[in-house]
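Remarks on the overall topology
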Amino acid sequence: MSIIQEISQQIFWVGGNDRRLERFENMFPIPNGVSYNSYLIIDEKTALIDTVDSSISEIFLENVKDGLAGRNLDYLIINHMEPDHCANLEAIIHRYPEVKVIGNAKTFQFFEQYYSTDISANRVEVKEGQELSLGKHTLRFYTAPMVHWPEVMMTYEVSEGILFASDAFGSFWALSGNLFFDEIDHKEIFMEEARRYYANIVGRYGMQVQAVLKKLTGLEINMICALHGLIWRKEDIPYIVEKYDLWSKYTPEKKGVVLFYASMYGNTEHVVQNLANKLAKRGVRDMRMYDVSKTHPSYVISDAWKYSHMVAASPTYNMSLYFMMDSLLKEMSVLGLKNRKVSLIGNHTWASAALKEMQQIIGEMKNMEIIGTPLDVRSTLKPEREAELDAIADAIAASLLEQ
Ligand SMILES: Cc1cc2nc3c(=O)[nH]c(=O)nc-3n(C[C@H](O)[C@H](O)[C@H](O)COP(=O)(O)O)c2cc1C
Ligand SMILES: [Fe+2]
Ligand SMILES: [Fe+2]
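A quick note: this is a predicted structure, and the numbers were derived from the prediction, not measured.

Turning next to helix 6 (residues 206-216). Regarding helix 6, the residues found buried are Gly206, Val209, Gln210, Val212, Leu213 and Leu216. Across the axial projection of helix 6, the buried residues extend over an arc of 165°, all falling on one side. Away from its buried face by more than 90 degrees, helix 6 exposes Met207 and Lys214. In this structure, the buried side of helix 6 is in contact with strand 13 (138-143), strand 14 (153-157), strand 15 (162-164), helix 5 (187-202) and helix 7 (237-248). Gly218 occupies a position one or two residues after helix 6 and carries a positive phi of about 100°.

Now for the coordination of the iron ion (ligand 3). Around the iron ion (ligand 3), the protein supplies Asp84 (OD), His85 (NE2), Asp167 (OD), Asp167 (OD) and His228 (NE2) as donor atoms, at distances of 2.1 to 2.8 Å. Each donor residue of the iron ion (ligand 3) lies on one chain, and together they are spaced D-H-x81-D-x60-H. The metal-metal distance between the iron ion (ligand 3) and the iron ion (ligand 2) comes to 3.4 Å, with Asp167 coordinating both. Remark: Asp167 occurs in the loop between strand 15 and helix 5 and Asp84 occurs in helix 2 (residues 83-86); sequence separation between them is 83 residues.

Read from one edge to the other, the open sheet built from 7 strands follows the order 1-2-7-8-9-10-11, with strand pairing classed as mixed. Two strands bound the open sheet, and with one partner strand each, they are strand 1 (5-8) and strand 11 (123-125). Across the sheet, the mean angle separating the axes of adjacent strands is 25° when strand polarity is ignored. Taken together, the 4 bridges between strand 7 (residues 39-42) and strand 8 (residues 46-49) define a ladder with antiparallel strand orientation. Residue Ile41 lies in a different strand from strand 8, and its bridge partner there is Ala47. Sheet strands touched by helix 1 (residues 57-68): strand 7 and strand 8. Its angle to strand 7, the strand with the most contacts, is close to 15°. Helix 4 (residues 105-114) contacts strand 10 (100-103) and strand 11 of the sheet and is inclined by roughly 145° relative to strand 11.

A contiguous nonpolar surface patch, about 470 Å² in accessible area, is contributed by Met264, Tyr265, Tyr317 and Phe323. Structurally, Tyr265 can be placed in the loop between strand 18 (254-261) and helix 8 (267-281). Here Tyr265 falls in the exposed class, since its relative accessible area comes to 72%.

Glancing now at the nonpolar core. Counting 123 residues, the largest nonpolar core has Ile7, Phe169, Phe260, Met310, Met325 and Met332 as its most contacted members. Of the residues forming this core, the biggest block, 8 residues, is contributed by helix 5. Looking at which domains feed residues into this core, each of domain 1 (5-248) and domain 2 (254-402) gives three or more. Look past the residues within four positions of Ile7 in its chain and what remains in contact with it is Phe12, Trp13, Tyr39, Leu179, Phe180, Met223, Cys225 and Ile231. One finds Leu381, Ala393, Ile396 and Leu400 within the second-largest nonpolar core, a separate group that totals 22 residues.

This paragraph deals with the environment of Gly203. Within the secondary structure layout, Gly203 lies in the loop between helix 5 and helix 6. For Gly203, a relative accessible area of 0% corresponds to the buried category. A sequence separation of 99 residues divides Gly203 from Ser302, and the C-alpha atoms of the two residues are 9.6 Å apart. Not counting residues up to four positions away in its chain, the partners in contact with Gly203 are Tyr198, Tyr250, Trp305 and Leu335.

Calculation rules
- Residues numbered from 1 in each chain as written.
- Chains lettered and ligands numbered in written order.
- Predicted model: local features only at pLDDT ≥ 70, side-chain atom pairs only at ≥ 80, totals over all residues.
- Heavy atoms only, no water.
- Buried < 20%, exposed > 50% of the residue type's maximum accessible area, 1.4 Å probe, protein only.
- Helix = DSSP H or I, 4+ residues; strand = E, 2+ residues; numbered from the N terminus.
- Arc of directions from axis to C-beta.
- Contact = heavy atoms within 4.5 Å.
- Donors = N, O, S within 2.8 Å, 3.2 Å for Na, K, Ca; no water.
- Pairing = 2+ DSSP bridges.
- Axes fitted to C-alpha atoms, helices over the stretch in contact; angles between N-to-C directions.
- Patch = residues over 30% accessible without salt bridge, like charges linked within 9 Å, V, L, I, M, F, W, Y side chains within 5 Å.
- Areas by Shrake-Rupley, 256 points an atom, 1.4 Å probe, with all protein chains shown as cover.
- Salt bridge = Lys/Arg side-chain N within 4 Å of Asp/Glu carboxyl O.
- Core = buried A, V, L, I, M, F, W, Y, C linked by side-chain atoms within 4.5 Å.
- Domains from an automatic or database assignment.

In structure tokens, the structure reads:
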């Protein structure tokens with residue numbers, strides 16, 4: 001039995017959810033699951049916008065069949081060639097062999113790299129701004145290169161002002177029957193997941209997101225339908241667009257501190273707890289703290305995107321930076337995080353390397369300002385060096401106040 005929902009006149013959500021998958025892209029934990037959204041427009045012509053992951057093929061194909069209610073599928077729009085949305089392209093083309101497949105030059109190049117079905121008779125290449133009439137509905141295609149793959153397009157439905165935004169505006173989130181952001185009360189939990197998705201999946205492509213936001217200004221947008229997570233209706237669009245604007249400009253959402261440490265025996269951890277205590281006494285609120293060996297980096301990165309300040313602390317391990325801290329900082333660097341204030345604490349027993357390596361990674365990132373004098377602890381922080389930690393706390397507190 002199919003599970004479909006009309007989201008606007010003759011436009012149906014025909015996607016599905018996966019709550020079993022442990023990690024998205026085999027990398028990011030998804031305790032709240034994930035949805036793969038796909039949309040079907042029924043007009044004089046019928047059009048399917050993107051498909052779904054292989055994990056939910058069965059329900060998806062049934063949804064499409066029931067949504068079409070005996071009609072043929074005229075168009076298949078490919079906004080994004082990533083396999084989580086393309087696993088069912090061939091199945092759709094085999095079921096509806098007359099279907100016209102809409103994409104751009106890059107879309108078809110990638111299609112050929114992934115699949116072997118010959119679609120030379122089906123393919124229709126579109127260019128920026130080109131329109132396709134379905135009857136009452138008209139689709140207009142906008143390219144959105146590198147948000148977050150090169151072939152990405154967004155499809156704008158002109159008559160109702162609906163933006164099919166590809167992975168942009170998406171989130172880790174399995175849907176619980178309610179498809180719309182305005183239908184849930186636990187918005188804060190959802191937004192944490194939306195930010196974690198943005199920072200980790202799209203984070204590196206802030207400039208390209210900015211370019212798309214500029215391109216779309218002036219368009220009347222009444223609904224944003226992403227490929228994952230909840231759908232945005234008109235009243236909430238300014239809210240999410242403002243978040244996207246901040247995130248993609250690498251501007252912190254909030255003045256505050258996220259502290260994260262690596263620690264084997266608890267000595268580095270102790271220093272960080274001590275620092276947080278000192279900061280709290282100086283009036284700093286809403287601090288977040290993570291053990292990088294325990295918490296998946298995607299959560300730390302999400303908070304690094306949110307807050308203005310961060311504190312990183314790590315011991316030396318085999319003349320290197322402790323691997324999980326090394327990997328986390330490199331990930332942040334690859335994602336292009338910038339414009340943050342950073343305080344650093346190292347720890348070693350006989351020959352120091354951690355602090356130097358953290359300084360090097362942070363130093364290569366853009367507009368990262370070091371706050372306070374980096375502290376290199378020798379095994380444990382002795383009372384005679386407490387003043388150095390106090391100085392870091394003073395510097396962070398002062399910097400938070402001055403912003
Ligand atoms: C396998 C291993 C390798 C280490 N390698 C170094 C090293 O190369 N240089 C150094 O100064 N300390 C090294 N250390 C010592 C730690 O940096 C030191 O114990 C530190 O105080 C640990 O802090 P923690 O209690 O927060 O884990 C190593 C420790 C372990 C267990
Ligand atoms: Fe994607
Ligand atoms: Fe995706």
